[in-house]
Amino acid sequence: MPYYRAVGEIPRKRHIQFRRPDGGLYAEELMGEEGFSSDSSLLYHVNPPTAIVKSEGVDLPSHAAGTSPNHPLLPRHFKMHELTAGGDPVLGRRLLLANDDVRISYVAADTDGDLYRNSAGDECVYVEAGRARLESTYGALDVGPGDYVVIPTGTIHRFVRADPAAPLRLIVFEASGHIRPPRRYLSQYGQFLEHAPYSERDLRGPADPLVLEGEDVPVLVRTRAGLSRLTYRNHPLDVVGWDGCLYPFAFNIADFEPIVKRTHAPPPVHQTFEGPNFVICSFCPRPLDFDAAAIPIPYNHHNVDSDEVMFYVGGDYTARRGSGIDIGSISLHPSGFTHGPAPGAVEGVIDAVGKGHTTTTETAVMIDTFRPLNIGGEAFAVEASDYAWTWAR
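Predicted model, so just to flag it, every value in this text is computed and none were measured.

Q: Could you give an account of the overall build of the chain, with specific residues and numbers?
A: Counting secondary structure elements, the chain contains two helices and 26 strands. Against the globule reference of 21 Å for 393 residues, the chain gives a C-alpha radius of gyration of 22 Å, in line with a compact fold. In the chain, buried positions account for 53% of the 393 residues. Sequence-distant contacts, at least 24 apart, represent 75% of the contacts inside the chain between residues at least 6 apart. Summed over all atoms, the accessible surface of the chain reaches about 17400 Å², with 51% contributed by carbon and sulfur. Here the chain contributes 35 positive and 50 negative side-chain charges, whose respective centroids are spaced 2 Å apart.

In structure tokens form, the structure reads like this:
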């Protein structure tokens, strides 16, 4: 994270005695990235965070395993709202797309699960619908529709749904490393620069500690070897205070400030986060390109080094009108395929501008990966099989 936070009670200096009211010592836990050479936070637990009493292997659910290459090569359209709903926010994830850098899953959770720790990489969770409380060792954070929730590697946490009657719809990006704001948005010291499309004021982190009690508490742990369930002697969410630059945070897509030009700008102007060999971008309502001769719609393009995935979450995506794309759709435009506006869309938007239409309304989340994505069985189950031919109509 680009800036420092302190939450709850902490001692005057690091690594000095910090005692509980009963005279015992609070237990320090340093959470640090890249071998103590990058961002870190220091947490103070009521009980040692090391005391486990059981460990067992957990089989990966069938809907979260197995992918196939995109062969023969096709652009794809998947309808997320036709996926089977149910399960918790972790084990209920339906794997859609994956490579060695990132796994993309969708879940419509109707239950709350165990505590969870991803020790294989950071996660970025986009909340499509529903509200929840993210409870973690760093405290609690309320999240809702449009929120990106970035959860650092190794953070013990859970999503607790605010409305038991409504599913919590999430798209989840599980990285093989760390997810951060793009380097070009930050000064050499980590402050957001003036040209960045968001700033520190737009980021929400836990404001108060969360101290829970309990014994024999299960925590689901993901590592590169698979899933395990560790049972902790005491509740791991027992941190009375912490400080540092590493913590979960939320950023709402509506707070992204679009960068506009007189003529159409390429996708990097929408970049929101970067991860290992992928970027996440936010397409938000914005003024249309305003040169008198502009074509205010994406041009045909072929990003030769990337697979492009777009999740449509709001508004009217004019460029794909007539293709079947709608809210809840995910499109995959792979490297090796040139894509662009649907037939007739260019003239249609030029005519609309001539009639006084001056803004876009769509909201979408995009991830570009720099290695090819394989496709999960859950995606195949909700694929619109005629999508590839919509440009030829």
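Q: Help me get a handle on the sheet that holds strand β5 (residues 67–68), residues and values and all.
A: Overall, antiparallel pairing links the nine strands, which are arranged β5-β26-β7-β8-β15-β10-β13-β20-β16 in an open sheet. Both edges of this open sheet fall to β5 and β16 (203–204), since each of them pairs with a single strand only. In terms of strand pairing, strand β8 (residues 102–109) meets strand β15 (residues 168–175) through eight bridges, oriented antiparallel. Paired with Val-107 across the bridge in β15 is Leu-170.

Q: A description of the sheet that holds strand β22 (residues 278–283) should follow, citing residues and the corresponding values.
A: With antiparallel pairing, the six strands of this open sheet are ordered in space as β6-β24-β23-β25-β22-β21. Strands with a single pairing partner mark the edges of an open sheet, and in this sheet they are β6 (76–79) and β21 (271–275). Across this sheet, the average inter-strand angle for adjacent strands is 15 degrees, counted without regard to direction. Pairing between strand β23 (residues 307–314) and strand β25 (residues 363–369): seven bridges, direction antiparallel. Bridge pairing in β25 links Met-310 to Met-366.

Q: Outline unusual backbone geometry, listing residues and values.
A: In this chain, His-71 is followed by Pro-72 through a cis amide linkage whose omega measures 0 degrees. The residue Pro-72 is located in the loop between β5 and β6 in this model. Even without being a glycine, Asn-277 presents a positive backbone phi close to 65 degrees. Relative to the assigned elements, Asn-277 resides in the loop between β21 and β22.

Q: So what's going on with the environment of Thr-155? Residues and values would help.
A: By the secondary structure assignment, Thr-155 is in the loop between β13 (147–151) and β14 (157–161). The class of Thr-155 is buried, set by a relative accessible area of 1%. For the pair Thr-155 and Asp-142, spaced 13 residues apart in sequence, the C-alpha separation works out to 16 Å. Filtering out sequence-adjacent residues up to four positions away, Thr-155 remains in contact with Met-31, Tyr-116, Arg-117, Ser-136, Thr-137 and Tyr-138.

Q: Explain the layout of surface pockets to me, using residue names and the numbers behind them.
A: In this structure, the largest pocket occupies an estimated 410 Å³ of space. Every residue lining the largest pocket is counted, 28 residues in all, and those nearest its centre are Pro-267, Phe-283, His-301, Glu-308 and Met-366. Looking at the lining of the largest pocket, the elements that each hand over two or more residues are β22, β23 and β25. The residue inventory of the lining of the largest pocket, partitioned by class, reads 16 nonpolar, eight polar and four charged. The computed volume of the second largest pocket comes to approximately 340 Å³. As for the second largest pocket, its lining consists of 17 residues, of which Arg-103, Ala-120, Arg-222, Thr-223 and Arg-224 are closest to the centre. Secondary-structure elements contributing two or more residues to the lining of the second largest pocket are β8, β15 and β17 (215–223). When grouped by side-chain class, the residues that make up the lining of the second largest pocket number six nonpolar, five polar and six charged.

Reading the values: the criteria
- Residues numbered from 1 in each chain as written.
- Predicted model: local features only at pLDDT ≥ 70, side-chain atom pairs only at ≥ 80, totals over all residues.
- Heavy atoms only, no water.
- Helix = DSSP H or I, 4+ residues; strand = E, 2+ residues; numbered from the N terminus.
- Rg over C-alpha atoms; globule rule 2.2 N^0.38 Å.
- Buried < 20%, exposed > 50% of the residue type's maximum accessible area, 1.4 Å probe, protein only.
- Contact = heavy atoms within 4.5 Å.
- Areas by Shrake-Rupley, 256 points an atom, 1.4 Å probe, with all protein chains shown as cover.
- Lys, Arg positive; Asp, Glu negative; His and termini not counted.
- Charge placed at Lys NZ, Arg CZ, Asp CG, Glu CD.
- Pairing = 2+ DSSP bridges.
- Axes fitted to C-alpha atoms, helices over the stretch in contact; angles between N-to-C directions.
- 1 Å grid on protein atoms, 1.4 Å probe; cavity = no way out; pocket = protein on both sides within 12 Å on 5 of 7 lines; lining within 4 Å.
- Points joined across faces, edges and corners; volume = space filled by probe spheres on them.
- Nonpolar A, V, L, I, M, F, W, Y, C, P; charged D, E, K, R; others polar.

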